[in-house]
Amino acid sequence: MVLIPRVRAACAVLGSAALAAVFMGAGAGTAGAATSTLRVGCGHNAYSTIAAAVSAASSGDTIVVCPGTYAGGVIVGKTLSIVGIGHPVIDATGQDNGVQVLASNSSIRGFTVENAIGEGILVGMGASPVSGVTVSGNTVKSNDQGNPTGAPITDSPYPQCNANPATPTVPGDCGEGIHVINAFDNTVVGNTVTGNGGGILLSDDDGATYGNLIEFNIVSGNTLDCGITLAGHTPEIFGGGVHDNTIRGNWVTNNGVAGQGGGVLLASGVPGNVQGIPGTGGAVYNNLVEGNYLAGNGLAGVTLHSHSPGEDLNGNAIIGNLIGTNNLAPDLDFGPHYFDGQTTGVIVTAVSNVSITIEHNIITNDINGIWVGQVGSTITV
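What counts and how
- Residues numbered from 1 in each chain as written.
- Predicted model: local features only at pLDDT ≥ 70, side-chain atom pairs only at ≥ 80, totals over all residues.
- Heavy atoms only, no water.
- Patch = residues over 30% accessible without salt bridge, like charges linked within 9 Å, V, L, I, M, F, W, Y side chains within 5 Å.
- Areas by Shrake-Rupley, 256 points an atom, 1.4 Å probe, with all protein chains shown as cover.
- Salt bridge = Lys/Arg side-chain N within 4 Å of Asp/Glu carboxyl O.
- Helix = DSSP H or I, 4+ residues; strand = E, 2+ residues; numbered from the N terminus.
- Pairing = 2+ DSSP bridges.
- Buried < 20%, exposed > 50% of the residue type's maximum accessible area, 1.4 Å probe, protein only.
- Disulfide = S-S within 2.5 Å.

**Describing a nonpolar patch on the surface**
Working step 1: A contiguous nonpolar patch, built from Ile370, Val372 and Val381 and spanning about 240 Å² of accessible area, is present on the exposed surface.
Working step 2: Within the fold, Val372 resides in strand β37 (residues 368–374).

**What to know about the sheet that holds strand β9 (residues 112–114)**
Note: strands within a sheet are paired through backbone hydrogen bonds, in either parallel or antiparallel orientation.
Working step 1: In spatial order, the strands read β3-β6-β9-β13-β17-β21-β25-β29-β32-β36; together these 10 strands make up an open sheet with parallel pairing. One side of each edge strand has no neighbouring strand; the edge strands of this open sheet are β3 (69–71) and β36 (362–363).

**Some points on the pairing of strand β30 (residues 302–306)**
Working step 1: Within β30, five of the five residues are buried, which leaves it mostly tucked inside the rest of the structure.
Working step 2: The alternating pattern of β30 places Val302, Leu304 and Ser306 on one face and Thr303 and His305 on the opposite face, and all of these are buried.
Working step 3: One ladder, built from five bridges, connects strand β26 (residues 264–268) with β30; its direction is parallel. Residue Leu266 lies in a different strand from β30, and its bridge partner there is Leu304.
Working step 4: Examined bridge by bridge, β30 and strand β33 (residues 344–350) share five bridges and lie parallel to one another. By the bridge assignment, Leu304 is partnered in β33 with Val348.

**A short note on the state of the cysteines**
Working step 1: Scanning the entire structure with this criterion turns up one disulfide.
Working step 2: Bridging Cys42 to Cys66, the disulfide has an S-S length of 2.0 Å. On the sign convention where negative means left-handed, the S-S torsion of about 75 degrees between Cys42 and Cys66 marks this disulfide as right-handed. Of this pair, Cys42 sits in the loop between β1 (37–40) and α2 (50–56) while Cys66 sits in the loop between β2 (62–65) and β3, and the two are 24 residues apart along the sequence. Of the two residues, Cys42 and Cys66, neither departs from the other in class, the shared state being buried.

**Looking at the pattern of salt bridges**
Working step 1: According to the stated counting rule, one finds three salt bridges in the structure shown.
Working step 2: The partner of Lys141 in a salt bridge is Glu114, with the nearest N and O atoms 2.8 Å apart. Here Lys141, found in strand β13 (residues 139–141), pairs with Glu114, found in strand β9; they are 27 residues apart in sequence, far enough to count as distant.
Working step 3: On the basis of relative accessible area, Lys141 is assigned to the partly exposed category, the value being 29%.
Working step 4: For Glu114, a relative accessible area of 14% gives the class buried.
Working step 5: Arg248 serves as the salt-bridge partner of Glu215, at 3.8 Å between the closest nitrogen and oxygen. Of this pair, Glu215 sits in strand β20 (residues 213–215) while Arg248 sits in strand β24 (residues 246–248); the two residues are 33 residues apart in sequence, bridging distant segments of the chain.
Working step 6: Residue Arg248 is classed as partly exposed on the basis of its relative accessible area, which comes to 28%.
Working step 7: Among the charged side chains, a network of salt bridges with common partners joins Glu215, Arg248 and Glu290.

Limitation: the analysis is restricted to geometry and does not speak to function.
Shown next as structure tokens:
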């Protein structure tokens, strides 16, 4: 059975009773713990900034933010539920991020997050892994201002936007609209991610990223990079790996058309096994890409790249997706001998042996439905 995606909002709507409790200052009680509701921009004793409310709150509290525009650069270092009413704006102009979540079991929902130098919403990148975070019902747009053209630069105030000195012709990774890093069992659901350099990124720069659910998001018009990226940057032997994540039911269109970006990309930039030692290559494996709509993207709707021998991209599954015309800015990574210059639904090109599953997809209006380019490797689909 082919799963036809239906994008839907995932944020809960506060009912009249809940709103009354918020504005009357009622606490949100839980068994065994007293919690409070703090307000920003509305009601009695409201805070004027989100950061001030976060500072004043105790772990387990709820922060309700009323309509308005508030400064970005918010760092959530304790377990909080931060809820926007009427889509208040977090304007992160001049800030590295709109919101950075460093505390497990927190939630961010109902905001418009814009104009950050780096990511709009960053989950993780602290000393410890983050889990149980929910990012839902947000509009994340016009972030990655640290490198708005995608050209290789070295002077961005946000280090991730700068090119690696070892590869100065390659632009740095500013982090996309939403970035999940060194994080497991988190949920990114029902968000609209548009007009950023790239859409949603899962990476392992500071530790493994696994078991995350990316579901029912609209990821569109992020023109410099991919819609949804699963990228291995750290060898497993050093704690890296991007694995067992689920990318399901997302609407992923018109990304990467001004750069080199697919609808959903699974790839590793880490060289293969060092001196033949297992686990020293990049690892993006056992991820599920299911029931998404993918069309109009620069690279293929689903693009899988293994750039060096010894990388682990095995066990990924591409199942039941509806894939329209893609590969509009043709895939040049393995040219000139393994160059796909035609519209293509799914591309698999590898310098390492790869075994993946591709089944029950509907691919329309592409010259190549599935394009497999072998580069001294065995690819099993």
